[in-house]
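# Architecture and fold: a report
So you can see what is in the structure, the chains are spelled out below.
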Amino acid sequence: AQSVSQHNHHVILSEAASLELGCNYSYGGTVNLFWYVQYPGQHLQLLLKYFSGDPLVKGIKGFEAEFIKSKFSFNLRKPSVQWSDTAEYFCAVTPYGGATNKLIFGTGTLLAVQP
Amino acid sequence: EAGVTQFPSHSVIEKGQTVTLRCDPISGHDNLYWYRRVMGKEIKFLLHFVKESKQDESGMPNNRFLAERTGGTYSTLKVQPAELEDSGVYFCASSTHGTGGKIGWDTIYFGEGSWLTVV
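Presented here is an overview of the structure given in this document. What you see is a predicted model; the values in this text were computed from it and never measured.

### Focus: the state of the cysteines
- Here the structure, examined in full by the defined rule, presents 2 disulfides over all chains.
- Here A:Cys23 engages in a disulfide with A:Cys91; their sulfurs sit 1.9 Å apart. Around the S-S axis, the bridge from A:Cys23 to A:Cys91 shows a dihedral of about -65° and counts as left-handed. Of this pair, A:Cys23 sits in the loop between strand E3 (19-21) and strand E4 (24-26) while A:Cys91 sits in strand E10 (residues 87-95); the two residues are 68 residues apart in sequence, bridging distant segments of the chain.
- Note on cysteine connectivity: B:Cys23 is disulfide-linked to B:Cys92, with sulfurs 1.8 Å apart. The sign of the -65° torsion about the S-S bond sets the B:Cys23-B:Cys92 disulfide as left-handed. Of this pair, B:Cys23 sits in strand E3 (residues 19-24) while B:Cys92 sits in strand E9 (residues 88-95), placing them 69 residues apart in sequence. Taken as a pair, B:Cys23 and B:Cys92 share a single burial class, namely buried.

### Section: the sheet that holds strand E1 (residues 5-7) of chain B
Residue and element names in this part refer to chain B.
- As summarised here, the arrangement of the 4 strands in space is E1-E3-E8-E7, forming an open sheet in which the pairing is antiparallel. Of all strands in the sheet, those bounded by a partner on one side alone are E1 and strand E7 (65-68). Geometrically, the sheet is characterised by an average inter-axis angle of 15° between neighbouring strands, direction not taken into account.
- As paired strands, E7 and strand E8 (residues 75-79) are joined by 4 bridges and run antiparallel to one another. Bridged to phenylalanine 65 within E8 is valine 79.

Thresholds applied
- Residues numbered from 1 in each chain as written.
- Chains lettered and ligands numbered in written order.
- Predicted model: local features only at pLDDT ≥ 70, side-chain atom pairs only at ≥ 80, totals over all residues.
- Heavy atoms only, no water.
- Disulfide = S-S within 2.5 Å.
- Helix = DSSP H or I, 4+ residues; strand = E, 2+ residues; numbered from the N terminus.
- Buried < 20%, exposed > 50% of the residue type's maximum accessible area, 1.4 Å probe, protein only.
- Pairing = 2+ DSSP bridges.
- Axes fitted to C-alpha atoms, helices over the stretch in contact; angles between N-to-C directions.

Here it is, written out as structure tokens:
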């Protein structure tokens, strides 16, 4: 069965620190990869997505993620976090070419950025 | 443009009662999804509508859950009778057209969720 693992459940950083959140997926075929973010009291929103091409994708608010096929990984990075990045981050995959856009999510990572 | 709206935002009911959650997708979105997050767990897919038809309901936990999408507009998710393990956040999402794959995949927009607590 397809699954997504996020190894960091809680991360606490100080402002200006660098961020890397791990994401590994389990699926034998081609996948589309996503990072979603949920800020306190808000809805889930898309940070970035990868379908094909350059494995380094850039998203909103200075976030980027790198797809490493050999490691089945899609880690999220940001060089310098801000207090406003405090949120919960979700990695998700969907099989390429499937009949539905069903997203398979990881358990989420709670990020707290201290001013 | 209005986003995906869900009602109620919070609901507390007793075990055995019935609850109906409503989702209004973004206008013009054919695809509507329901997801659920139980406390501490991942967000799990429940089902997918394309217009009024159920495209995929493989994630529905059991027959206590009934989802409908009348006329291909808003959707309801009814839980009857509710059990303690049904507590969680129920997310609705919508997208325009397309299915899996690069071509035709559209951004999925989520609502803020309906928090359900069964006591």
